[in-house]
Amino acid sequence: MATIKLENLTKKFNKVIAVNNVSLTIKDGEFIILLGPSGCGKTTTLLTIAGIYRPTGGAIYMNDTIMNDIPPRYRKIGMVFQNYALYPHMTVFENIAFPLRTVKDISKTDIKTKVEELADKMRIASLLERKPSELSGGQQQRVAIARALAKEPQILLFDEPLSNLDAKLRIIMRGELKRLQETLGITTVYVTHDQSEAMALADRVAVFNHGILQQIGSPEDIYYSPRNIFVAGFLGSPSMNFLSGTRLIKNEGTAYIEKEGKKLVEVPSKNLDKFENAPSEDLILGFRPEDCKIVPNDEIGIPGKIYLLEHLGREVVVNIEAFGNIFKVIADPESRFEKEQRVVLKLKPDRVHLFDSKTEAAVF
Amino acid sequence: MVEKTKLRPFNKALPWILLLPLVILVLMFYILPIVITMPLSFTSMGLSFKWLFVGLENFRNIPRDPIIPQIIGNTFIYVFFTLIVFNFGMAVLLSLLTTSISDRWGGFFRTLWMLPRITPSVVYGLLWLWIFDPSKNGLLNIILSVLGMPSQDMFHHNPMLLIVFANGFVGASMGMMVFSAAIKAIPIEYYRAAMVDGAGWFTMVRKITLPLIRWHLLFITAYETLSLFTSYQYILIITNGGPVNRTNVWALYTYQTAFSDFKFGYGAALSLVLVVVGVIAGLLYIHNIHVESTSGNALEI
Amino acid sequence: MTKGEYYKIGFLQRNSSKIFNVTVYALLIVLSSPIVLAYAWLFLRSFSTGMAHGFIPTGLTFSNWRFMWEQISGLPNVWHVTFNTFILGGSVAGVVLLVSSMSGFALSRFAFKGQGKLLLLLLMLHAFPTVSLMVAIFYILRMTHLLNSLLGVILLRASMDIPWATWIIKGFYDGIPREIEWAGAIDGYSRISIWRKVLLPMVKPGLIVIAVFEFLSGWSEFIFITTFIFSNKWWTLSQYTYTALGGYRFADYGLLTAISVWYILPVTILFIFANKYMTQMSLGGIKG
Ligand SMILES: Nc1ncnc2c1ncn2[C@@H]1O[C@H](COP(=O)(O)OP(=O)(O)OP(=O)(O)O)[C@@H](O)[C@H]1O
Ligand SMILES: [Mg+2]
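Residues numbered from 1 in each chain as written. Chains lettered and ligands numbered in written order. Predicted model: local features only at pLDDT ≥ 70, side-chain atom pairs only at ≥ 80, totals over all residues. Heavy atoms only, no water.

## Focus on the sheet that holds strand β13 (residues 262-267) of chain A
All names here are of chain A.
Alright, step 1. As summarised here, the arrangement of the five strands in space is β13-β12-β11-β14-β20, forming an open sheet in which the pairing is antiparallel. In the strand order of this sheet, the two ends are held by β13 and β20 (353-356), each with one partner. Within the sheet, the average angular offset between the axes of one strand and its neighbour, ignoring direction, is 45°.
Alright, step 2. Taken together, the five bridges between strand β11 (residues 241-251) and strand β12 (residues 254-259) define a ladder with antiparallel strand orientation. Looking across to β12, one finds that L248 is bridged to I257. (Pairing = 2+ DSSP bridges. Helix = DSSP H or I, 4+ residues; strand = E, 2+ residues; numbered from the N terminus. Axes fitted to C-alpha atoms, helices over the stretch in contact; angles between N-to-C directions.)

## Quick notes on the sheet that holds strand β1 (residues 4-13) of chain A
Residue and element names in this part refer to chain A.
Alright, step 1. With antiparallel pairing, four strands are arranged side by side in an open sheet as β2-β1-β4-β5. Because the sheet does not close on itself, it has two edges, and the strands there are β2 (16-26) and β5 (65-66).
Alright, step 2. Of the pairings in the sheet, the one linking β1 to strand β4 (residues 57-62) comprises five bridges and is antiparallel in character. Bridge assignment links I4 to a residue of β4, and that residue is M62.
Alright, step 3. Here helix α1 (residues 42-50) sits on the sheet and contacts β1, β2 and β4; the angle it forms with β1, its principal contact strand, is near 115°. (Contact = heavy atoms within 4.5 Å.)

## Quick notes on the site of ligand 1
Alright, step 1. Taken together, 13 residues are adjacent to ligand 1, and A:S38, A:G39, A:K42, A:T43 and A:T44 come closest.
Alright, step 2. One chain alone does not account for the residues near ligand 1; they come from chains A and C.
Alright, step 3. A distance of 2.8 Å separates an oxygen atom of ligand 1 from a polar atom in the side chain of A:K42.
Alright, step 4. For ligand 1, whose accessible area on its own is 630 Å², the fraction buried by protein is 67%.
Alright, step 5. Mapped by element, the contributors of at least two residues to the shell around ligand 1 are β2 and α1 of chain A. (Near = heavy atom within 4 Å. Polar contact = N/O pair within 3.5 Å; in protein donor to acceptor, adjacent residues only side chain to side chain. Areas by Shrake-Rupley, 256 points an atom, 1.4 Å probe, with all protein chains shown as cover.)

## Things to note about the domain arrangement of chain A
The extent of an interface is frequently quoted as the accessible surface area lost upon association of the parts.
Residue and element names in this part refer to chain A.
Alright, step 1. Here chain A is described as being made up of domain 1 (4-234) and domain 2 (241-356).
Alright, step 2. Its C-alpha centre places domain 1 at a distance of 40 Å from the equivalent point of domain 2.
Alright, step 3. Contact residues are listed per partner, giving seven residues for domain 1 and seven residues for domain 2.
Alright, step 4. Where domain 1 touches domain 2, the interface holds zero salt bridges.
Alright, step 5. Summed over the shared surface of domain 1 and domain 2, the number is two residue pairs in polar contact (both at pLDDT 80 or more).
Alright, step 6. For the side of domain 1 that touches domain 2, the secondary structure elements donating two or more residues are α7 (219-224) and α8 (229-234).
Alright, step 7. Split by residue class, the side of domain 1 that touches domain 2 holds five nonpolar, two polar and no charged. (Domains from an automatic or database assignment. Salt bridge = Lys/Arg side-chain N within 4 Å of Asp/Glu carboxyl O. Nonpolar A, V, L, I, M, F, W, Y, C, P; charged D, E, K, R; others polar.)

## Some thoughts on the confidence of the model for chain B
Residue and element names in this part refer to chain B.
Alright, step 1. Looking at chain B, the pLDDT average stands at 85 and 92% of residues meet or exceed 70.
Alright, step 2. Taken element by element, chain B is modelled with least confidence in helix α7 (residues 154-157), mean pLDDT 82, and with most confidence in helix α3 (residues 68-98), mean pLDDT 93.
Alright, step 3. Scored below 50 in pLDDT, residues 290-297 shows 15 contacts in the model against residues more than four places distant or in partner chains. (pLDDT = per-residue confidence, 0-100.)

## What about the pairing of β13(A)?
Residue and element names in this part refer to chain A.
Alright, step 1. Pairing of β12 with β13, which is carried by five bridges, proceeds in the antiparallel orientation. Of the residues in β13, the one forming a bridge with E258 is K263.
Alright, step 2. Count of turn residues in the β12/β13 antiparallel hairpin: two residues, of which E260 carries a positive phi of about 50°.

## A word on the interface of chain C and chain B
Alright, step 1. Of the residues lining the interface, 103 residues belong to chain C; the matching set on chain B comes to 97 residues.
Alright, step 2. With both chains or domains summed, chain C and chain B bury close to 9,500 Å², and 80% of this area falls on carbon and sulfur atoms.
Alright, step 3. Three residues, C:Y39, C:V135 and C:Y139, lead the burial of chain C against chain B; their summed loss comes to 7% of the area buried on that side.
Alright, step 4. For the pair chain C and chain B, the number of links is seven residue pairs in polar contact (both at pLDDT 80 or more).
Alright, step 5. Here the side of chain C that touches chain B is composed, by residue class, of 70 nonpolar, 23 polar and ten charged. (Buried area = accessible area lost by both parts, 1.4 Å probe.)

Written out as structure tokens, the structure reads:
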């Protein structure tokens, strides 16, 4: 179908740089998710791909054709908006038929067949005569998808399409979308700020912050090997714990991360050569709440005291105060802890992350 | 994937193409007339439509014109009394009263006061001819006779009063609408607090309502002064400035000079004052209406 | 002081809100009475043989309405004049709708240089008293051969109202989410087709308001007609009524009121059926 290539794409609004020098290649049939906090430039990137906005700098290629100055209607795209943007004065039928009416030499019966086929696929066949205002959010969503698919686009664009649905429906639609995309094989760019949605849907996730592409990779990739502090902190809930002011020490052939003379965690030997291009002082240690154990006492580990217990049913989040920080740790609800109890956090050596505090880039 | 022939770049000129009719009409009926009024006022143009430049002659003639002092006096009386009694005074009163009762009935009275404004001016003129009819058939004289007082002939004894009333009943509605909207926007909590503190209606009006709408009061006063100064339609219909110029005002005199006496050059000179007043009114207006940026809605295709 | 004496509640206190309400209504009724009486008189007088004590109809007659089937001296045929008035009202509405819906679209949905200034200019022009330009406008109409023609008055009246109408309709366009327009662009339409097929239907309420007001604006136009139209072939009801007023003032109220009632028929209809709409919208339309 179609590949998309962004080359140093930049988009400015007056002085605001919404998208800053983004380069990425999207493969044919791939499901890419643009993920990031509010205002990071996801929507702007998507609208620039759609041709609604024109790039301020850089280039957009679709199947190796440069598309910078081509209006949206020639880009063979379909798009679903956050608020669906259905035409309020048209019926559902008219809404879905609307894109088809731009096709030359298409007969009335062809349009009718096509609309009915799409309505069947999206299970809205009984709603064709209604106006958008007479539909529920989920139904509007299906109409919007049917409309986006009407012209058999080569590229599908979604801007937070599920955010207006209630939590339960969101999960259902998420599954349907994934299946739909897999069966149709259309190259898809999907914007969300919901990381669980990203993890569930994407072939690859592109994480944005302040208009800059932070990292692109498979969901596992960005979760287990974040390239910088932002990506590490953005993904996961509760988010990763950080401890600054740590450094690398070597002791009798074994390397440790330490702070204030206390050995916190051992560094696996396979990671040692990564320090060739990185400092060994002033490091930030990162570990996920699920990647550690709480023990009563140990030589190596982070000593602290229990500050708060959050019972969430399936698990308990233990808040531990150490080195003036609060660390969140997921523990078995069976385990017996008490407030103010002195404990040691035992980290899994091959699951910890280390960041250079100056560049915020990951050492490993 | 895209057929080459179909590729068309974004059209930068499109907004201006859409704006073209507007621009043409604005140029033709606003900008050009403003520009032409200037040179016209330096000519003695009459029905021959010849551009005979006479320098400052027209402007020198204004102070020498024997009716001008009377015109200026009339204009002052007309603007001052219509403004104070109606366009400001009645407007404030109506807005206070109509916002003190239920919205339904308040709205009804406000609509009633809008009626003169949407009535064609000649019909509205007829109503005032009847109200001040010097014979026993006029409304004023009916009321006077009920009260046991003698009939009045306002057309001869006090024609300016008639003009002030006729203009005032139209003019009050603008202030009334602006003030009512402003009063309705005042948070109800202020009044609740005042009531608990024991304030009566007059105290609340003086201490809360009027101070909070003072900018609207100021704007309407200034704007209505200027717009009354340039208006003459109802005077033209009801008295046409008569009897013998007793209700003639600057704007009407300008009109008559041009279209009854066909002295276009002199008329242009007289109207220059009105143009200046008009520009000031326009500036005042935009100063009071917030203009939001719209570029957020733009589509770059 | 005992508790019983503390609250002294008499008739005035007990009924204070009632008294206040009665006072307010009474004041409003008195102040508004000239308007009510004048319009009531206008309708009653047009169907009566005369008025006893100036206000009580003495008998029903349709002879006041004779101008509809008879020649009245000094006045042209009323049907022809009414037709002209219709043309004027309809054309002003048409021109204003066309121009303002185009320019409102441009001002609301495009970003271009000078946009802010243009908007301010329009606002200024809305407040600008056109009557101060009559002399120069006369000259321009003469140059463009638009004197003594309805077309001239149509364009003039339309131009006077277009700044207001553009602002109003721009407000309606501003209320449409931009995603709707983006969706149209992605669905394969050019900006002009999106405007025609998607945006125009969505601003229809605004267009209706403008159409009604502009029809009335053209219908009621007086100064431009009386100044720039010389032949009674192009008269409208305003000039017709004005001329009747000149010929029959204080003399034949029956005829004058009947003509007036005929003339204000559209205003009456609007007042009865759409007065809520009217007060809301006219706030922007009035110049003071
Ligand atoms: N039309 C515009 N004009 C000016 N600034 C804009 C415009 N659109 C976006 N921006 C700015 O560009 C930045 C990126 O906005 P964008 O809408 O792409 O964010 P986003 O990642 O989609 O956020 P969200 O998750 O809240 O939708 C923001 O700072 C925003 O204020
Ligand atoms: Mg967004």
